[in-house]
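# Structure assessment
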Amino acid sequence: MERRYGLNFINGEWRPATDGSTVPNINPSCVDDVIGQFADSTAEDASVAVEAAEEAGATWRDLGPVARGALIYRSAELLAERATEFAAAIVREQGKLTREALAEVTRSGEILKFLAGEARRLNGATMPADDSRTFAYTYRAPLGAVGLITPWNFPLAIPAWKTAAALVAGCTVVLKPSPLAPWTSALLAEVFHEAGLPAGVLNLLLGGREAGTAIVAHPRIAGVSFTGSVPVGLAIQTAAAPRLLPTQLELGGNNAVLVLPDADLDAAADAVVSGAFGQAGQRCSATSRVIVDTAVFDKLLTALVERARRLRVGPADNAGTDMGPVVSDSALRRCRSAVEQARAHGARIRSGDEPLPAELPAGHFMRPVVMSDVPADSDLVRGEVFGPVVSVIVAKGAAEAVSIANSVPYGLSAAVFTRDLASAHDTVQRLKAGMVHVNRPTVGAYAHMPHMGTKMSQFGPPECSPEVMDFFTELRSVCLRY
Ligand code: NAD
């Protein structure tokens, strides 16, 4: 890895944290592989970055939306040219399989191109006025210098979609990625810079909680778009509230697949396995609960256990691996402890407690876990485990299945498997989730559709769709007499 990727990128220059602090970036497939030392920024660095973004604001706004969109489109082209390099960084620092990482690069390019097109649709409206010589209209003004704080699990897609939406809107940016996967964001900052962004328009601030807290607290920041866990989202919201600082919070989930008696059970089992164990279960929209009608419970459980046992766990860059590691030692301990606690309270591990292959390197590996008989108040079925663990729960009829699905504080994604059109429509209407799938896994989305949740999973406008501009722009009313 080139050394500059461990540095901040502020006002067009690569530079270390002012006090020289760094944190190591470690390969989760092999902890002996230290990828590099990455800047651990202080509040002082955050302040320099926010001021650089704020000062670049007027130039960027005055460039106009169409020219801004063209720069984002060019970034998508440069990203595609470097797809293999991006994928390799994602595999090594975050632990996705190569095919999963390449899919993330492709999807990120699609989102950048979609958002580049939104530059030509930053529409306002005209309205009738009381007198015939007043022209009344609305237009969208950029929010200003915004803080974008991102998690490690989509180290390219989430920084890319937040940054592109903000830039198209005319905002300038301080991007703070997770210290668990900062390298990919450094590559992304480089691509935007090569596409022609003026200095200061996009500033990359590496580091953890101190850097993130300082961005939110800075008086010149105009808004914060955050993706991450509920506790950190609430801390940001609490810090933002006294200033009425606009926030967009994309938070955790505990997503359910409902399997009704008439479902195609093979399709349902395949979808659960890909939703629960793809990316080692580390997607906000991962499947954590499978709520199965009594009539087909045994059959579906057997199908899941068979499929889970066949998955080969191993290093992310190994072509024979079906499921890579979890991201860190603390993630591994959290997943194991949630499983053990549930087992201590009567849950049964149906697959996943077999020993790991002896030849694995020293990485954060665990087997995909299928559980049943999990107590209804267990963390496994109420909280967010964020790892390769799925609980299979029995329900008597569709109404009970929906009620169990809706019983958690989260509302991000959900899916229902049925061949009956009326059951599908009824269930879609009753599920309290921002993204609902029928006969598809809980994961997967399109660039032009809102990426969003409800309840504790989301606050503020959605991402990825035209509606994302409701966060990064302010609507203004104008009455012009002539
Ligand atoms: P996290 O909440 O621990 O950290 C997210 C980011 O916040 C990191 O950059 C971190 O350094 C920063 N941070 C930590 N404390 C902060 C503070 N007090 N103030 C400001 N910033 C702070 O989340 P994570 O472990 O990186 O990611 C996993 C979580 O993200 C899961 O809960 C997952 O569901 C969620 N997620 C949600 C979506 C979605 O679209 N809803 C998408 C992906 C991930």
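Read on for a plain summary of the structure. (Residues numbered from 1 in each chain as written. Predicted model: local features only at pLDDT ≥ 70, side-chain atom pairs only at ≥ 80, totals over all residues. Heavy atoms only, no water.)

Summing up its helical and strand segments, the chain has 16 helices and 22 strands in all. A globule of 482 residues ought to have a C-alpha radius of gyration of about 23 Å, and the chain, at 23 Å, matches this closely. A principal-axis box enclosing the C-alpha atoms of the chain has dimensions of 75 × 60 × 40 Å. Every one of the 482 residues in the chain was classed for burial, and the buried ones make up 58%. A fraction of 74% describes how many contacts in the chain between residues 6 or more apart in sequence connect residues 24 or more apart. A total of about 19,400 Å² of accessible surface is found on the chain, and carbon and sulfur atoms cover 54% of it. One way to put it: in the chain the 44 positive side-chain charges average out to a point 3 Å from where the 51 negative ones average out. (Helix = DSSP H or I, 4+ residues; strand = E, 2+ residues; numbered from the N terminus. Rg over C-alpha atoms; globule rule 2.2 N^0.38 Å. Buried < 20%, exposed > 50% of the residue type's maximum accessible area, 1.4 Å probe, protein only. Contact = heavy atoms within 4.5 Å. Areas by Shrake-Rupley, 256 points an atom, 1.4 Å probe, with all protein chains shown as cover. Lys, Arg positive; Asp, Glu negative; His and termini not counted. Charge placed at Lys NZ, Arg CZ, Asp CG, Glu CD.)

Here we take up the site of the ligand. Surveying the vicinity of the ligand reveals 28 residues, the closest of which are Thr150, Ser229, Leu251, Glu384 and His451. Within the side chain of Ser229, a nitrogen or oxygen atom sits 2.6 Å from an oxygen atom of the ligand. Element by element, the count of residues in the shell around the ligand is highest for helix H8 (residues 209–217), at three residues. Per-class residue counts for the shell around the ligand are 13 nonpolar, eleven polar and four charged. Two domains share the shell around the ligand, each providing at least three of its residues, namely domain 1 (3–251 + 457–481) and domain 2 (255–446). (Near = heavy atom within 4 Å. Polar contact = N/O pair within 3.5 Å; in protein donor to acceptor, adjacent residues only side chain to side chain. Nonpolar A, V, L, I, M, F, W, Y, C, P; charged D, E, K, R; others polar. Domains from an automatic or database assignment.)

With respect to the helices, strands and loops of the structure, Ser108 is situated in helix H5 (residues 98–118). In this structure the side chain of Ser108 is engaged in a polar contact, spanning 2.7 Å, whose partner is the backbone oxygen of Glu104. Contact partners of Ser108, with chain neighbours within four places excluded, come to Leu79, Leu156, Ala157 and Ala160.

Our next topic: the packing of H5 against helix H6 (residues 157–169). Taken N-terminus to C-terminus, the directions of H5 and H6 make an angle of 10 degrees; their axes are 9 Å apart at the nearest point. It follows that H5 is roughly parallel to H6 by the angle criterion. For the pair H5 and H6, contact is made by Glu104, Arg107, Ser108, Ile111, Leu112, Leu115, Ala116 and Glu118 and by Ala157, Ala160, Trp161, Ala164, Ala165 and Val168, respectively. (Axes fitted to C-alpha atoms, helices over the stretch in contact; angles between N-to-C directions. Parallel < 35°, antiparallel > 145°, perpendicular 65-115°, else oblique.)

The next subject is the sheet that holds strand S16 (residues 389–395). Reading across from one edge, S14-S15-S16-S13-S12-S18-S19 is the order of the seven strands in this open sheet, with mixed pairing throughout. Both outer strands of the open sheet, strand S14 (348–351) and strand S19 (435–438), are each paired with one neighbouring strand and no more. Between one strand axis and the next, the sheet turns by 25 degrees as a mean value, whatever way the strands run. Bridge count between strand S13 (residues 287–293) and S16: five bridges; the pairing is parallel. If you follow Val290 over to S16, its bridge partner there is Val392. (Pairing = 2+ DSSP bridges.)

To continue, consider empty space enclosed by the protein. Inspection of every chain in the model, using the stated rule, returns four cavities of 30 Å³ or more. Ser288, Val385, Phe386, Gly387 and Val389 are the residues nearest the centre of the largest cavity, which is lined by 15 residues in total. Elements that contribute at least two residues to the lining of the largest cavity include exactly S13 and S16. Of the residues in the lining of the largest cavity, the class split is six nonpolar, seven polar and two charged. Estimated volume of the second largest cavity: approximately 70 Å³. When contributions to the lining of the second largest cavity are tallied by element, the ones reaching two or more residues are strand S12 (255–259), strand S17 (410–411) and strand S18 (413–417). (1 Å grid on protein atoms, 1.4 Å probe; cavity = no way out; pocket = protein on both sides within 12 Å on 5 of 7 lines; lining within 4 Å. Points joined across faces, edges and corners; volume = space filled by probe spheres on them.)

Let us look at the sheet that holds strand S22 (residues 473–481). Strand order across the open sheet formed by three strands is S5-S6-S22, with antiparallel pairing between neighbours. For this open sheet the edge positions go to strand S5 (126–127) and S22, each flanked by a neighbour on one side alone. Relative to strand S6 (residues 134–142), S5 runs antiparallel, the two being bridged by two bridges. Bridging across to S6, Thr126 finds its partner in Tyr137.

Evaluation of the coordinates by the stated rule reveals five aromatic pairs. With a centroid separation of 4.7 Å and 50 degrees between ring planes, the pair formed by Phe9 and Trp14 is classed as tilted. Trp14 gets classed as partly exposed once you look at its relative accessible area, which sits at 25%. Among the aromatic side chains, those forming a connected cluster through ring pairs are Tyr5, Phe9 and Trp14. (Phe/Tyr/Trp six-rings, centres within 6.5 Å; stacked < 30°, edge-to-face > 60°.)

Another aspect to go through is the pattern of salt bridges. Tallied over the entire structure, the rule returns 26 salt bridges. Where Lys96 meets Glu104, a salt bridge forms, and the shortest distance between an N and an O atom there is 2.7 Å. Note on Lys96: relative accessible area 1%, which makes it buried. Here Arg481 ties to Asp131 by a salt bridge, and the two come within 3.5 Å at their closest N and O atoms. Highlighted residues: Arg481 in strand S22 and Asp131 in the loop between S5 and S6, separated in sequence by 350 residues. (Salt bridge = Lys/Arg side-chain N within 4 Å of Asp/Glu carboxyl O.)

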